[in-house]
Amino acid sequence: MNAAFPTWQEFFAMGGYAFYVWLSVIVTLVSLFGIIIHTVWHRRQLLAEIRRRQSREQRIRQSKKQASAAHNNSKRAAPGSPDSTREKLS
């Protein structure tokens with residue numbers, strides 16, 4: 001098996017096309033790293049948004065549960081108790 005370039009100097013010179021070859025390699029690598037960085041950043045934003053939404057939905061459920069419990073407790077109050085009189089005055 002023969003090597004394409006007999007020396008490292010010829011490898012880096014790329015047969016006289018080193019500027020174009022290495023420039024294209026750099027542009028390609030920068031583009032790939034840019035895509036990777038953007039993907040990681042976007043994923044983190046999406047996960048943070050999902051956590052915010054889930055937290056908000058949980059707070060809404062808890063609030064509804066508390067309001068429902070308070071409403072049920074006021075209905076269960078015995079007639080003449082302070083809770084039922086307060087409800088009649090409102």
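Criteria and thresholds
- Residues numbered from 1 in each chain as written.
- Predicted model: local features only at pLDDT ≥ 70, side-chain atom pairs only at ≥ 80, totals over all residues.
- Heavy atoms only, no water.
- Helix = DSSP H or I, 4+ residues; strand = E, 2+ residues; numbered from the N terminus.
- Buried < 20%, exposed > 50% of the residue type's maximum accessible area, 1.4 Å probe, protein only.
- Areas by Shrake-Rupley, 256 points an atom, 1.4 Å probe, with all protein chains shown as cover.
- Salt bridge = Lys/Arg side-chain N within 4 Å of Asp/Glu carboxyl O.
- pLDDT = per-residue confidence, 0-100.
- Patch = residues over 30% accessible without salt bridge, like charges linked within 9 Å, V, L, I, M, F, W, Y side chains within 5 Å.

### Focus on the overall build of the chain
Helices and strands together make up the secondary structure of the chain, namely three helices and zero strands. When the elements of the chain are put in sequence order from the N terminus, they spell out α-α-α. The buried share of the chain, taken over its 90 residues, is 6%. Summed over all atoms, the accessible surface of the chain reaches about 8600 Å², with 63% contributed by carbon and sulfur.

### Digging into the pattern of salt bridges
Across all of its chains, the model carries two salt bridges by this definition. One salt bridge connects glutamate 49 with arginine 52, and the closest N-O pair in it is separated by 2.8 Å. Separated by three residues within a single helix, glutamate 49 and arginine 52 lie in helix α2 (residues 18-76), roughly one turn from each other. A relative accessible area of 29% means that glutamate 49 is categorised as partly exposed. Residue glutamate 49 pairs with arginine 53 through a salt bridge whose shortest N-O separation is 3.1 Å. With a gap of four residues between them, glutamate 49 and arginine 53 both fall in helix α2, about one helical turn apart. Among the ionic contacts, a cluster of salt bridges with common partners joins Glu49, Arg52 and Arg53.

### Considering the confidence of the model for the chain
Taken residue by residue, the chain gives an average pLDDT of 87. The fraction at 70 or more is 83%. Confidence scores differ between elements of the chain, with helix α3 (residues 82-89) showing the lowest mean pLDDT of 54 and α2 the highest of 94.

### Digging into a nonpolar patch on the surface
Taken together, the side chains of Val25, Leu29, Leu32, Phe33, Ile35, Ile36, Ile37 and Val40 make up a nonpolar region of the molecular surface, amounting to roughly 750 Å² of accessible area. Here phenylalanine 33 is to be found in helix α2. For phenylalanine 33, a relative accessible area of 52% gives the class exposed.

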